Amino acid sequence: MTQSTQSPEQTQQTDTSLALAQQLAEQLRIMPNDWHRLKANRRAQAQQHVIAALLYLIKNNSDEALVQLKQAVGWLDRSLSAPPCPTHGRTKSRHQASERVEN
C-alpha cells in the first residue's frame, strides 16, 4: 500500500514510524570522527544497515531494504570488512606528489 492510498490514520502512523526510525538512524550512525574506532565493529556496522533497511521498508522501497539487510548480514557473518580509510590514500598520494616536486 502506497502512502497516497493510505487512510489518514495509516499515513499518520507511517509518518510517526518514519520519524522514529530516522531518530534511531541518527543515533546509530557512525560519525566521521568515530570511523577509525568503529570501522571494524561488526555490530555497529550491522546496526546502521538494519536501520537503513527499516527506513527503506517504511518508504515502500523493498529492493533497497533487501540490499541493506544483505549488507548487515555480511557484517554479522564476517563476509564483509571495512574498506581502508579513504583519507590515508589521499594523504599519502599528496605527500608522494610533494616529494616528487621537491626532488
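For every chain, the first residue of the written sequence is number 1, and numbering continues from 1 onward in sequence order. A pLDDT threshold of at least 70 governs which residues receive local features in this predicted model, and a stricter bar of 80 or more applies before side-chain atom pairs are shown or counted, although totals over entire chains, interfaces and linings include all residues. With hydrogens and water stripped out, all remaining heavy atoms of the structure feed into the side-chain values.

Q: Honestly, the overall build of the chain in this entry has me stumped. Any pointers?
A: In terms of helices and strands, the chain carries 5 helices and 0 strands. Comment: elements are numbered from the N terminus, with helices defined as DSSP H or I runs of at least four residues and strands as E runs of at least two. Listing the helices and strands of the chain from first to last along the sequence gives α-α-α-α-α. Exposure is judged per residue with a 1.4 Å probe applied to protein chains only, and the accessible area is read against the type maximum: over 50% gives exposed, under 20% gives buried, and values in between give partly exposed. Relative to its 103 residues, the chain shows a buried fraction of 22%. What makes two residues a contact is simply this: any of their non-hydrogen atoms within 4.5 Å. Across the chain, every contact between residues at least 6 apart in sequence was considered, and the portion connecting residues at least 24 apart equals 53%. On the chain, roughly 7700 Å² of surface is accessible, and the fraction owed to carbon and sulfur atoms is 53%. The method behind every accessible area is Shrake-Rupley, applied with a 1.4 Å probe, and residues are considered shielded solely by the protein chains displayed.

Q: Whenever I open this one, the pattern of salt bridges confuses me. Can you help?
A: Oppositely charged side chains can pair when the atoms bearing their charge come close. By salt bridge we mean one thing: a side-chain nitrogen of Lys or Arg within 4 Å of a carboxyl oxygen of Asp or Glu. Going through the model one piece at a time under the given rule, you end up with 2 salt bridges. With a shortest N-O distance of 3.8 Å, arginine 29 and glutamate 26 are connected by a salt bridge. For aspartate 34, the salt bridge goes to arginine 37, with nearest N and O atoms at 3.3 Å. Judged by its relative accessible area of 60%, arginine 37 is exposed.

Q: Help me understand the nonpolar core in this model?
A: A general tendency of soluble globular proteins is for nonpolar side chains to be buried together. As used here, the term nonpolar core means buried Ala, Val, Leu, Ile, Met, Phe, Trp, Tyr and Cys residues forming a set that is joined through side-chain atoms within 4.5 Å. Counting 6 residues, the largest nonpolar core consists of Leu18, Ala21, Ala25, Ile51, Leu55 and Ile58. Of all the secondary-structure elements, those providing two or more residues to this core are helix H1 (8–28) and helix H3 (42–58). Residues within four places of leucine 18 in sequence aside, it is in contact with Leu55, Ile58 and Lys59.

Q: Explain a nonpolar patch on the surface here, please?
A: A cluster of nonpolar side chains, Val50, Leu66 and Leu69, forms an exposed patch at the surface whose accessible area comes to about 230 Å². Among the structural elements, leucine 66 can be located in helix H4 (residues 62–76). For patch building, the residue pool is restricted to those with more than 30% relative accessible area and no salt bridge; the joining distance is 9 Å between like charges and 5 Å between nonpolar side chains (Val, Leu, Ile, Met, Phe, Trp, Tyr).

Q: Hey, could you run me through H4 in this one?
A: For H4, spanning 15 residues, the distance from its first C-alpha to its last is 21 Å, which sits close to the expected 21 Å at 1.5 Å a residue. The complete set of buried residues in H4 reads Ala65, Gln68, Ala72, Gly74 and Trp75. Where H4 is buried, its residues touch H3. Phi turns positive one or two residues past the end of H4, at arginine 78, with a value near 70 degrees. The span you would expect from a helix comes to 1.5 Å times its residue count less one.

Q: I would appreciate a short explanation of the packing of H1 against H3 in the present structure.
A: How two helices sit against one another is set out by the angle between their axes and by the gap between those axes. To get an axis, a line is fitted to the C-alpha atoms, and for a helix only the part in contact is used. The angle between two axes follows their N-to-C directions and goes from 0 to 180 degrees. Between H1 and H3, the shortest axis-to-axis distance is 9 Å and the interhelical angle comes to 160 degrees. Relative to H3, H1 is oriented roughly antiparallel. Our pair here, H1 against H3, has a crossing hand that is left-handed. Across from Thr14, Ser17, Leu18, Ala21, Gln22, Leu24, Ala25 and Leu28 in H1, the residues of H3 making contact are Gln47, Gln48, Ile51, Leu54, Leu55 and Ile58. Three residue categories are used. Nonpolar comprises Ala, Val, Leu, Ile, Met, Phe, Trp, Tyr, Cys and Pro, charged comprises Asp, Glu, Lys and Arg, and polar comprises the others, including Gly. When its residues are assigned to classes, the contact of H1 with H3 shows 9 nonpolar, 5 polar and no charged. Each angle receives one of four descriptions, namely roughly parallel if under 35 degrees, roughly antiparallel if over 145, roughly perpendicular if within 65 to 115, and oblique otherwise. By the definition used in this description, the sense in which the near helix is turned from the far one sets the handedness, with an anticlockwise turn below a right angle giving left-handed and a clockwise turn giving right-handed.

Q: Just checking my understanding: could you explain H3 for this structure?
A: Note: α-helices contain 3.6 residues per turn, so residues at a spacing of three or four share the same orientation. Over its 17 residues, H3 runs 24 Å from end to end, which matches the ideal 24 Å to within 8%, given 1.5 Å per residue. Among the residues making up H3, those that are buried are Arg42, Ala44, Gln45, Ala46, His49, Ile51, Ala52, Ala53, Leu55 and Ile58. Structurally, H3 contributes buried residues whose contacts are with H1, helix H2 (35–38) and H4.

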